[in-house]
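Tertiary structure, described
Okay, here's what each chain looks like letter by letter:
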Amino acid sequence: MADSSVRAPPTTTGPALPVVGKSEIRPTWCPGCGDFGVVAGVEMALKRLGIPSHEVVIISGIGCSSNLPHFLTSYGFHGIHGRVVPVAEGIRWANHGLTVIGTGGDGDGFGIGAGHFVHGMRRNVDLTYVTMDNQIYGLTTGQASPTSGLGHKTKSTPDGVIEAPLDPVALALASGATYIARGFSGDVKHLAELIASGIQHKGFAFVDVLSPCVTYNKINTFDFFRQRVYKLESAGHDPTDKVAAWQRALEWGDKIPIGLFYSVDRPTYEDMEEVLAPGPLCFQPAGLKGKEKILDEFI
Ligand SMILES: Cc1ncc(C[n+]2csc(CCOP(=O)(O)OP(=O)(O)O)c2C)c(N)n1
Ligand code: SF4
Ligand SMILES: [Mg+2]
């Protein structure tokens, strides 16, 4: 079995780079956007763990939130809508010595990307997926997303949302994620701790971040969350207790839990995939193994 906890030196053929920090590109987000808190949380987490830029790849889809990889000095892949998880999986399988972080929005991850999200968690690929959940499509100027609340009047739902909102934490529990947390972009220090622990966790770590869109969502604002959020770790929650995690996941109203819902050890996809046992694929000799056997079958 491959040991995915072992970093593969070197992970690139280029020079070693400093620990991840801000890039020279400044965010174009609206002033006050929640996503500023999330990029700060990701940067803080990587700094705390001391991971250099050449050992990190941050992947995103499409949306305001998906611009995040541009703003940090790590490698980045700004992909297409809803495909964060498969790209992240592919990168992990090509070089499981890298720290791989997926980022994106609620529309990207839970709408068009929902199938990939579910199967990535089921496989327990060793990556960290951070969603900036503003309960709206921000980039396309304010349509309802899968997490928009019932009755929310948006550009695409002028009479209010009539579809039940999706619960990302409950979906992650049902799908087999092995680290499930919710953060708030109004508490960057707490968020950074959740992201850092998610990166250290061996397996699929999901961190859903309440990250208000100050321009198009006038309901789920910073004040809305400040009045409601409470920390699971201050409420005596045991993250190894899956039933308790379910009960907390169902809480959404006057009180909204943030923190670590659930964490469990389970072999990762990379641990189970024997092809990765000799080391990262990108350092293995190219060519088809066992080709004689295959040719014998056909010739
Ligand atoms: C295949 C495809 N369908 C639709 C779009 C249009 N589109 C771009 S971003 C987006 C939704 C963005 O919402 P979200 O993922 O929540 O990100 P946010 O902007 O809120 O951060 C949509 C529908 C697209 N780019 N590609
Ligand atoms: S539209 Fe909303 S999500 Fe997009 S940058 Fe502005 S505040 Fe952020
Ligand atoms: Mg969104």
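This next bit is on the packing of helix α4 (residues 114–123) against helix α5 (residues 168–175). Viewed as axis vectors pointing N to C, α4 and α5 meet at an angle of 45 degrees, and their least axial separation amounts to 8 Å. Relative to α5, α4 is oriented oblique. In this structure, the crossing between α4 and α5 has a hand that is right-handed. Taking contact as the criterion, the partners of F117, V118, M121 and R122 in α4 are, on α5, P168, L171, A172 and S175. Taken together, the residues of the contact of α4 with α5 sort by class into 6 nonpolar, 1 polar and 1 charged.

Time to look at the packing of helix α2 (residues 84–94) against α4. Across the interface, α2 lies against α4 with an axial gap of 9 Å and an inter-helix angle of 35 degrees. Residues V85, P86, E89 and W93 of α2 pack against H116, F117, H119, G120 and R123 of α4. Here the residues of the contact of α2 with α4 sort into 4 nonpolar, 3 polar and 2 charged.

Now for α2. Every buried residue of α2 is listed here: V84, V85, A88, E89, I91 and R92. On an axial view of α2, the arc spanned by its buried residues comes to 165 degrees, and they lie on one face. Those residues of α2 that are buried are in contact with β1 (56–60), β3 (99–105), α3 (106–112), α4, β4 (128–133) and α9 (269–272).

Now for the coordination of the magnesium ion (ligand 3). Protein-derived ligands of the magnesium ion (ligand 3) are D106 (OD), N134 (OD1) and I136 (O), with the metal-ligand distances lying across 2.1 to 2.2 Å. Sequence spacing of the donors to the magnesium ion (ligand 3): D-x27-N-x1-I. Taken individually, N134 and I136 each receive the classification buried, so the pair is uniform in this respect.

Attention now moves to unusual backbone geometry. In this model, N124 sits at a positive phi of 55 degrees, which is unusual for a non-glycine residue. Locating N124 in the fold gives a position in the loop between α4 and β4. Given the relative accessible area of 0%, N124 is considered buried. Phi angles above zero are rare outside glycine, and Q135 is one such case at about 60 degrees.

Attention now goes to the site of ligand 1. Around ligand 1, 16 residues are found, and the nearest of them are C64, S65, D106, D108 and L139. A distance of 2.7 Å separates an oxygen atom of ligand 1 from a polar atom in the side chain of S65. The fraction of the free accessible surface of ligand 1 (590 Å²) that becomes covered by protein chains is 72%. A total of 4 residues in the shell around ligand 1 trace back to one element, the largest contributor, which is α3. Residues that form the shell around ligand 1 fall into these classes: 6 nonpolar, 8 polar and 2 charged.

Next up on the list: the packing of aromatic side chains. A ring pair, where both rings are aromatic, is described by two values, the distance of the centres and the angle of the planes. A complete count under the given rule lists 13 aromatic pairs for this structure. Measuring from centroid to centroid gives 5.0 Å for W29 and F71, while their planes differ by 80 degrees, and the two rings are edge-to-face. Note that W29 is positioned in the segment before α1 (35–49) and F71 in the loop between β1 and β2 (75–78), a separation of 42 residues in sequence. Grouping residues by exposure puts W29 and F71 together as buried. In this structure, R228 packs its charged tip against the face of F224, placed 3.9 Å from the ring centre.

Inspection of the region around ligand 2 gives W29, C30, C33, C64, N134, C213, V214, T215 and Y216 as its neighbouring residues. Here the residues of the shell around ligand 2 are counted per class, giving 7 nonpolar, 2 polar and no charged.

Mean pLDDT for the protein: 94, with 95% of residues reaching 70 or above. Predicted confidence is poor over residues 1–10, with pLDDT under 50, and the contacts of this stretch with residues over four places away or in other chains come to 30 contacts.

Parameters and conventions
Residues numbered from 1 in each chain as written. Chains lettered and ligands numbered in written order. Predicted model: local features only at pLDDT ≥ 70, side-chain atom pairs only at ≥ 80, totals over all residues. Heavy atoms only, no water. Axes fitted to C-alpha atoms, helices over the stretch in contact; angles between N-to-C directions. Helix = DSSP H or I, 4+ residues; strand = E, 2+ residues; numbered from the N terminus. Parallel < 35°, antiparallel > 145°, perpendicular 65-115°, else oblique. Left-handed = near helix turned anticlockwise from the far one by under 90°. Contact = heavy atoms within 4.5 Å. Nonpolar A, V, L, I, M, F, W, Y, C, P; charged D, E, K, R; others polar. Buried < 20%, exposed > 50% of the residue type's maximum accessible area, 1.4 Å probe, protein only. Arc of directions from axis to C-beta. Donors = N, O, S within 2.8 Å, 3.2 Å for Na, K, Ca; no water. Near = heavy atom within 4 Å. Polar contact = N/O pair within 3.5 Å; in protein donor to acceptor, adjacent residues only side chain to side chain. Areas by Shrake-Rupley, 256 points an atom, 1.4 Å probe, with all protein chains shown as cover. Phe/Tyr/Trp six-rings, centres within 6.5 Å; stacked < 30°, edge-to-face > 60°. Lys NZ or Arg CZ within 6 Å of the ring centre and 35° of its normal. pLDDT = per-residue confidence, 0-100.

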